[in-house]
Amino acid sequence: MTTTKHVDAEGRATIKGIICDILEIDEAEMTDTSRFKEDHEADSMGAIEILSQLERAFGIDIDQAELARMVNLEGVVTVVDEAVAAKAAASL
Amino acid sequence: MSELVLSAWSVVSPYGVGSAPFSAGIGAGTSAVGELDRAAWPGPFDRCGLVPDFTAAEYVGKKGTRTMDRVTAIAVTAVGRLLASCGDELTAHPEQIGLVLGTGSGSVQSIMDFTRDSLVGERPYHVDPARFPNTVMNRAAGQSAIWHGIKGPNTTVAGGWLTGLLALSYAVRLHRGGHCARVLCGAAEEYSTQRAWLEWHGRGVEERESPLGEGGAVFLMETVADAREAGRTPLARVLATRFRAYADRADAQKTLAECVGSALDKAGVAPEDIRLVAPLGAGAELAAPEEAGIEDALGTARPRWIRCRPLLGDTSAASTSLQLAAVLATAGESGLGPGEAALVTGIDRDGTVGCAVLGGPARA
Amino acid sequence: MYDNDERPRRVVITGLGTVTSIGLGVEAFLEGLRAGRSGAKPITAFDTTGFAHANGCEVDDFDPAEWIHQVDPEELGRATQFSVAAANLAVADSGLTPEELRRRRALVSVGTTDAESRDLDTLMGVQLEYGPDQLAPTVARRAQAGRLSTGIIRELGLVDVEALTIPTACAAGNYAIGSGFDAIRDGEVDVALCGGADAVCRKTFAGFYRLGTIAPEVCQPFDKDRKGILTGEGAGILLMESLDSALARGARIHAEVLGYGLNCDAHHPVAPDRDSLARCMEIAHRNAGVKPEDIDFISAHGTGTRANDVTEAGAIRQVFATPPPTISIKSMIGHSMGAASALASAACALALTEGFIPPTINHRETDPECGLDCVPNEARPAELNVVQNNALAFAGNNAVLVLGRYREAE
């Protein structure tokens, strides 16, 4: 598990919960590196939905270009971490 | 020309899911309008013809229904039950099956909830993308096709209370034009707090308190030959649909009488052959001219009247489809008898009237 | 039921009514198509604060009182106002007097994506501020999909008429025209007023924006740098009648409707399916009695999104050994939703009679993945006989219409 500065264990659990809810899978089925599309049958709508719900849950902005990195839990946590960091920096 | 028959049907209604409770309820004439649970359904009404205990998860399944709205679930359920009752052979060539589904304005709840999210969210685009298709009015028809793999023409039709009759007319035209071999045709409407408020404000004072209802009905339309080959009993021939318009409410009765007369002519049916009449029986000012207009057209004939409105509530876009289902429920498993005919009518507050004439097998 | 010789009637378009962001009325629309005019500009329909970009193609010089004469425009939502205005224009263009029109049995079918969702947006705003018990009755009453077609009846005083709205989303215009075609072909009605209408609204803009499919500035169908759609609005209504009827009254014929095809991907709510769209084109060709090599140009759905254009181009290459020029007027008028394929049909009819192919504007470099001649930036003179108009919608609802030039000698 990559360590992240702005997303703690609780935040990580929130992210995982959101994704599993959207993909309609049990949290036990998802690992840090299992891939949404290949392993969990996600489609393009699922990906944009994940982005959208994370923006609302964390009050952040995620560029749609980041979808390319948001292919598994690890990737999503990294993107959210950066977005939270960017938001914190912007409010300084 | 290949005449179409109704050979199977399916209903989701305030009596429950399925044609059996509907047939029993219509037969007994017991009202399915009941008290609303005000905690679950805030809004201006405290009575409603609600489909009991209906949720997408319960009737469509848990998988893939997280964002499915109520009207879509009603449609998917009605279409699914119709297909299940017909067997796999029906969908063996899915590209030859058309689906024509009536709607009021889609789900106004889904549409307005989406706008609300845009207006109150931290960002105006903080809306749920998975719910965006719910805000487009072909959602129920499209999702029914996706859910059940129906690949022929997929058309959504809207026309207020006349929606079910217009869907029937459109479906006949679609088939005659050679665009499909069989058509599934009907309409669906949901109860929602948002629809309730729009109806409350949109209605005249005199009809404001009349309870709403919800539900859906879907029919299989095919040629007699196809029905027989599949082992299905033709329940009714679709002999004619006809529509007219009135500019002044004072002309509504006369306009409907002309409309029915014209449909009977086209159908080649004499007024005395009409055994069943199912009028819309809508809002205060239009119910009386509707019955009077029918009586003007039928003269001395004394058919049996099936009045759905007091039993189901105002089911808006699903009304005339449910009236059609009530005719089939009353006709029973063998359908309309030889030489018998039935009439379904409606007058819309927007200035339009319409009717359909159904018939049993031609008299030997 | 049929004409004397028992064959289905031939169906022709004798009236065009267009309300678009590049011109009101058919003359202005034609001029805009020839010149490659752009309707893109900042959206004014709602407060766009918070969106990083919000261009659209609005009809910004529309005074309903100028185009609607019998019905109080206040009783009509904006989409219905467009629909009624376009119907009035189509009737005027056809040369039929209102009295002559009323004597004929008619079908009115109007396609739409959002119907009066713009009013629903407004009502939600009021509801949030003042509560749901404060909604305006006039607005609640008019915010109904059925109004798009019944509004035309009230305006024109039609009596012997069937009126339906076809909310089959972004392919709805072609669905509505197809329905009118069948009704006239079979002698069911004498005249049909068919097309589509929609008004720009917050709900739909926010939805497409969320999906990442709104272009920041302009719509560039088939361009390698295309960035998405611009939401637009307007209405296109076609007046159709049988060829015999048109000839008997000496009407000018814009085009003949040869046929159409419909199908449903039954696959994905928003992603189009190439094979299914290809099948829809084949169905349309069969229904119209034409072969792929007969098609002189294709008016594509061409939304300018990554997914649509590459899928549509792939389907075209699947059906056509050598694809004909394939253009998208959405580059000029944006995506007018339910009006889109109706306005594209009107554009096709004008192209047939005027002998030109409308351009795809805002074009710099064709996406090799699309690989089509999109008639970049400038209209092209051409002798045309048969043209095809594609339309796709959410839920995989495809509709392809085929129009032909009518020649008197035939």
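Residues numbered from 1 in each chain as written. Chains lettered and ligands numbered in written order. Predicted model: local features only at pLDDT ≥ 70, side-chain atom pairs only at ≥ 80, totals over all residues.

Visitor: Would you mind going over the overall build of chain C in detail, with residue names and values included?
Guide: Of regular secondary structure, chain C possesses 14 helices and 15 strands. The globule rule puts the C-alpha radius of gyration for 410 residues at 22 Å, and the 20 Å found for chain C is close to it. With 410 residues in all, chain C has 67% of them scored as buried. Counted over contacts in chain C with a minimum sequence separation of 6, partners at least 24 positions apart contribute 80%. (Helix = DSSP H or I, 4+ residues; strand = E, 2+ residues; numbered from the N terminus. Rg over C-alpha atoms; globule rule 2.2 N^0.38 Å. Buried ≥ 20, exposed ≤ 12 C-beta atoms within 10 Å, placed from the backbone. Contact = placed C-beta atoms within 7 Å.)

Visitor: Can you tell me about the sheet that holds strand β4 (residues 47-49) of chain B, naming the residues and giving the values?
Guide: All names here are of chain B. Strand order in the open sheet made by the 3 strands is β3-β4-β8, with mixed pairing throughout. Each having just a single partner strand, β3 (34-35) and β8 (212-213) make up the two edges of the open sheet. Sheet topology places β3 next to β4; 2 bridges connect them, and they run antiparallel. Residue pairing for β4: Gly34 is matched across the bridge by Cys48. (Pairing = 2+ DSSP bridges.)

Visitor: Help me get a handle on the domain arrangement of chain C, residues and values and all.
Guide: Quoted interface sizes are often the accessible area lost when the parts come together. Residue and element names in this part refer to chain C. Domain annotation for chain C reports domain 1 (11-248) and domain 2 (257-404). When each unit is reduced to the centre of its C-alpha atoms, the spacing between domain 1 and domain 2 is 20 Å. Going through the elements one at a time, β1 (11-20), α1 (26-35), α8 (172-185), β7 (191-198) and β8 (234-242) are the ones with two or more residues in the side of domain 1 that touches domain 2. Top contributing element to the side of domain 1 that touches domain 2 by residue count: α8, with 8 residues. Tallied by class, the residues present in the side of domain 1 that touches domain 2 amount to 28 nonpolar, 24 polar and 9 charged. (Domains from an automatic or database assignment. Nonpolar A, V, L, I, M, F, W, Y, C, P; charged D, E, K, R; others polar.)

Visitor: Kindly report on the interface of chain C and chain A, identifying the contributing residues and their values.
Guide: In this assembly, 7 residues from chain C lie in contact with 6 residues from chain A. In the side of chain C that touches chain A, the residues fall into 4 nonpolar, 2 polar and 1 charged.

Visitor: Any details on the interface of chain B and chain C? Residues and values, ideally.
Guide: In this complex, chain B contributes 62 residues to the contact, which on the side of chain C involves 63 residues. Mapped onto the side of chain B that touches chain C, the elements with two or more residues apiece are α4 (108-120), α5 (139-148), β6 (154-157), α6 (163-176), α7 (193-202) and β10 (236-245) of chain B. When residues of the side of chain B that touches chain C are assigned to their parent elements, the largest contribution, 9 residues, is made by α4(B). Among the residues making up the side of chain B that touches chain C, the classes are represented as 28 nonpolar, 25 polar and 9 charged.

Visitor: Tell me about the packing of α4(B) against helix α5 (residues 117-130) of chain C, and please be specific about residues and values.
Guide: Packing of α4(B) against α5(C) brings their axes to within 9 Å, and their N-to-C directions diverge by 60°. In terms of their interaxial angle, α4(B) and α5(C) are classed as oblique. Note that α4(B) runs across α5(C); the crossing there is right-handed. Facing Val108(B), Ile111(B), Met112(B), Thr115(B), Arg116(B), Leu119(B) and Val120(B) of α4(B), the residues of α5(C) in contact are Ser117(C), Leu120(C), Asp121(C), Leu123(C), Met124(C), Gly125(C) and Leu128(C). Here the contact of α4(B) with α5(C) is built from residues that sort into 9 nonpolar, 3 polar and 2 charged. (Axes fitted to C-alpha atoms, helices over the stretch in contact; angles between N-to-C directions. Parallel < 35°, antiparallel > 145°, perpendicular 65-115°, else oblique. Left-handed = near helix turned anticlockwise from the far one by under 90°.)

Visitor: Talk me through the pairing of strand β6 (residues 161-166) of chain C; I want residue IDs and the actual numbers.
Guide: Residues and elements named next belong to chain C. Burial within β6 is extensive, with 6 of its 6 residues counted as buried. Side chains Val161, Ala163 and Thr165 project from β6 onto one buried face, and the interleaved Glu162, Leu164 and Ile166 project onto a second face that is buried too. As judged from the 6 bridges shared by strand β5 (residues 106-111) and β6, these two strands associate in the parallel manner. Paired with Ala106 across the two strands is Val161, which belongs to β6.

Visitor: How would you sum up α5(C)? Please name residues and give values.
Guide: Across its 14 residues, α5(C) extends 19 Å between first and last C-alpha, which sits within 8% of the 20 Å expected from 1.5 Å per residue. Residues Ser117(C), Arg118(C), Asp119(C), Leu120(C), Asp121(C), Thr122(C), Leu123(C) and Met124(C) constitute the buried set of α5(C). Contacts made by the buried residues of α5(C) are with α4 of chain B together with α3 (78-94), α6 (137-142) and α9 (202-210) of chain C. Within two residues after α5(C), Gly131(C) carries a phi angle of roughly 100°, on the positive side. (Expected span 1.5 Å × (residues − 1).)

Visitor: Go over the UniProt feature "domain: Ketosynthase family 3 (KS3)" (unreviewed entry) in chain C, please, and point to the residues and values.
Guide: The residues that UniProt annotates with the feature "domain: Ketosynthase family 3 (KS3)" (unreviewed entry) are residues 8-405 of chain C. Structurally, residues 8-405 of chain C comprises 36% helix and 20% strand, and the distance from its first C-alpha atom to its last is 18 Å. (UniProt positions renumbered as here; feature names shortened; annotations may be inferred.)

Visitor: Now, about the nonpolar core: what can you tell me, with residues and values included?
Guide: Core analysis: the biggest nonpolar cluster contains 303 residues, and Ala217(B), Val327(B), Val357(B), Leu238(C) and Met240(C) have the highest contact counts within it. Examining the composition of this core, we find that 11 residues originate from one element, helix α14 (residues 340-354) of chain C, more than from any other. Excluding its chain neighbours within four sequence positions, the residues that come into contact with Ala217(B) are Trp9(B), Val11(B), Ala78(B), Gly186(B), Ala187(B), Ala318(B), Ser321(B), Leu322(B), Leu324(B) and Ala325(B). (Core = buried A, V, L, I, M, F, W, Y, C linked by C-beta atoms within 7 Å.)

Visitor: Can you tell me about the pairing of β5(C), naming the residues and giving the values?
Guide: Residue and element names in this part refer to chain C. Among the 6 residues in β5, 6 count as buried, and that is most of the element. Every second residue of β5 is oriented toward a common face, with Ala106, Val108 and Val110 on one face and Leu107, Ser109 and Gly111 on the other, all of them buried. Both β5 and β7 contribute to a ladder of 6 bridges, which runs parallel. Looking at β7, one finds that Val110 is bridged to Gly195.

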